[in-house]
2 protein chains.
Amino acid sequence: MMSVSDVTWSQSEQAIARKAFDMAYEREIEALLQQVQQRAGAIAQLDDLWQLHDFLSTQRHEIDGKYDYRYSVLIFVFARLIKEGWLQVDELEGLDTEKLTKMKLMSRM
Amino acid sequence: MMSVSDVTWSQSEQAIARKAFDMAYEREIEALLQQVQQRAGAIAQLDDLWQLHDFLSTQRHEIDGKYDYRYSVLIFVFARLIKEGWLQVDELEGLDTEKLTKMKLMSRM
């Protein structure tokens, strides 16, 4: 049995993965930008501002860590993106069945 | 000769100082809130967002440090606020001449 980190990605799988990865990233960033503009528009006092600052600190840290495009971790990354709703399983169609099965399982954990 | 930190503040001076301090604080916060709303409205991409985050980190640190209402440091605080334009010297009228002279001198350094 291969462990997740030993999994190889064929060229066509790499193309599918890259596209899905970028798509999820764009979606999450777009949603974040909108959320920040809404929050910024509703700032009335200093507390709101520091709450926005805290929010940005967390988001920055999370996004920096989450979008890690290394094939050794990509199955975990995709599982998380599916779980969080930034990616649909059918957008990964074309990956081999074993990878898809693992991602689906992990995304439900 | 008294050093700055030994200076005593009469009750009427304390009232003047408190009012001026709060006024400067409100002005700076108000300006900051407006600036952040403008910047937030102009956010188009992730880089802009992280630049806003960096800006807020700096501002938070500065404001936390700057508005220090201890009588031992208040002359320095006021000198800085005057230098930065958050306070006018004539808004400190009623403080004794020595304090005012020191603040004016320091605010020009």
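Located above this text is the structure these notes cover.
Numbering of residues starts from 1 in every chain and runs along the sequence as written. Here the convention is simple: chains get letters from A, ligands get numbers from 1, in the order in which they are written. Residue-level local features of this predicted model are given only where pLDDT is at least 70; pairs of side-chain atoms are given and counted only at 80 or more, and the full residue set underlies all totals for whole chains, interfaces and linings. Values shown for side chains rest on all heavy atoms present in the structure; no hydrogens or waters enter the calculation.

## Some thoughts on the relation of the copies chain B and chain A
The condition that has to hold: Copies are brought into register by a least-squares superposition over C-alpha atoms of residues with pLDDT of at least 70 in both. Residues count as neighbours in contact if any of their non-hydrogen atoms are within 4.5 Å of one another.
Of the transformation superimposing chain B on chain A, the axial component is 0.0 Å and the angular component is 180 degrees, with the fit at an RMSD of 0.1 Å. The transformation just described matches what one would write down for a two-fold rotation axis. A share of 100% of interface residues in chain B that are also interface residues in chain A marks the association as one of identical surfaces.

## Description of the interface of chain B and chain A
Heads up, the rule is: By buried area we mean how much accessible surface two parts lose on assembly, using a 1.4 Å probe and totalling the loss over both. Salt-bridge detection follows one rule: a side-chain nitrogen of Lys or Arg within 4 Å of a carboxyl oxygen of Asp or Glu. Contacts described as polar in this section are N or O atom pairs within 3.5 Å, which, within protein, must combine one atom able to donate a hydrogen with one able to accept it, while residues neighboring in sequence count only if both atoms come from side chains. Counting from the N terminus, the helices are the DSSP runs of H or I reaching at least four residues and the strands are the DSSP runs of E reaching at least two.
Across the boundary between the two partners, chain B contributes 21 residues, which contact 21 residues of chain A. A combined buried area of about 2,000 Å² lies between chain B and chain A, and 71% of that area is made up of carbon and sulfur atoms. Sorting the residues of chain B by area buried against chain A places Trp50(B), His53(B) and Arg60(B) first, and these three jointly supply 33% of that buried surface. If you look at where chain B meets chain A, you find 2 salt bridges. When the shortest N-O distance is used, the salt bridge between Asp54(B) and Arg60(A) registers 2.9 Å. Across the contact surface, chain B and chain A share 12 residue pairs in polar contact (both at pLDDT 80 or more). When residues of the side of chain B that touches chain A are traced back to their parent elements, those giving at least two are helix H1 (11-41) and helix H2 (46-66) of chain B.

## Details of the environment of Leu46(A)
We apply this condition: Burial here depends on accessible area, computed with a 1.4 Å probe over protein chains only, as a share of the maximum for the residue type. Under 20% is buried, over 50% is exposed, and the range in between is partly exposed.
Note that Leu46(A) resides in helix H2 (residues 46-66). You can call Leu46(A) buried: its relative accessible area is 12%. Not counting residues up to four positions away in its chain, the partners in contact with Leu46(A) are Tyr25(B), Ile29(B), Leu32(B) and Leu33(B).

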